[in-house]
Amino acid sequence: RICEERDIRFLSPRIYSMAGKFINKPKAYAIADMIMQASQHHKIIVQAKHGVWRSYVDVLDLMSVLWRTAVNANAAKIYPAVFDAAHAVDVEMFELAQAVASYFELPNSAIFRYPIDNLQEVDCYLGDPKVFSAMGADCGVAFADLDAMVVTTAKYMRSSGLLSRV
């Protein structure tokens, strides 16, 4: 409210799950955990015994949209200040494990998932992609797909010393 009264523009994205270069908490995101498992053990264990869905966004995609929107006076007035940092990458953890396994050229048999307990509620932490997708289109940002996010995350983790080999 104070910002609005003083005509100060701010952008406050709700971030669900991050991927790519410079992820702020690599151990907190499933993508980085699975990359570490694949790199170190040549297998991936999906711990969840129920469906788990997450919206992923690449850090550089997010920063590009934020910067381009912030410096564009017209765009800054069109979009709400608070929005979900989500686009078309909503994935269930087994699908994420498959993408990571593919990058490391591991067979699907290298992925282990505990049996699904259908009595447990599915865990969905998904964002509404409408605003962020429109912002990206207006800014000319071509969002990274899941495979590209796996590649950039793995390369970043290796270059920053979080992985012994990728």
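Our subject is the structure listed above.
About the criteria used
- Residues numbered from 1 in each chain as written.
- Predicted model: local features only at pLDDT ≥ 70, side-chain atom pairs only at ≥ 80, totals over all residues.
- Heavy atoms only, no water.
- Helix = DSSP H or I, 4+ residues; strand = E, 2+ residues; numbered from the N terminus.
- Contact = heavy atoms within 4.5 Å.
- Phe/Tyr/Trp six-rings, centres within 6.5 Å; stacked < 30°, edge-to-face > 60°.
- Lys NZ or Arg CZ within 6 Å of the ring centre and 35° of its normal.
- Buried < 20%, exposed > 50% of the residue type's maximum accessible area, 1.4 Å probe, protein only.
- Polar contact = N/O pair within 3.5 Å; in protein donor to acceptor, adjacent residues only side chain to side chain.

**Considerations on the environment of P80**
Argument step 1. Along the chain, the position of P80 falls in the loop between α4 (73-78) and β5 (82-85).
Argument step 2. Other than its neighbours up to four places away in sequence, P80 contacts R9, L11 and V131.

**A short note on the packing of aromatic side chains**
Argument step 1. Summed over the entire model, instances satisfying the criterion amount to 6 aromatic pairs.
Argument step 2. Judged by centre distance (5.1 Å) and plane angle (80°), the rings of F112 and Y114 are edge-to-face.
Argument step 3. Grouping aromatic residues by their ring pairs yields a cluster made of F83, F132 and F143.
Argument step 4. One cation-aromatic arrangement involves K49 over Y114; the distance from NZ or CZ to the ring centre is 5.4 Å.

**Some remarks on the side chain of D84**
Argument step 1. The residue D84 is located in strand β5 in this model.
Argument step 2. Owing to a relative accessible area of 11%, D84 belongs among the buried residues under this scheme.
Argument step 3. In terms of polar contacts, D84 uses its side chain to reach the side chain of R14, at 2.4 Å.

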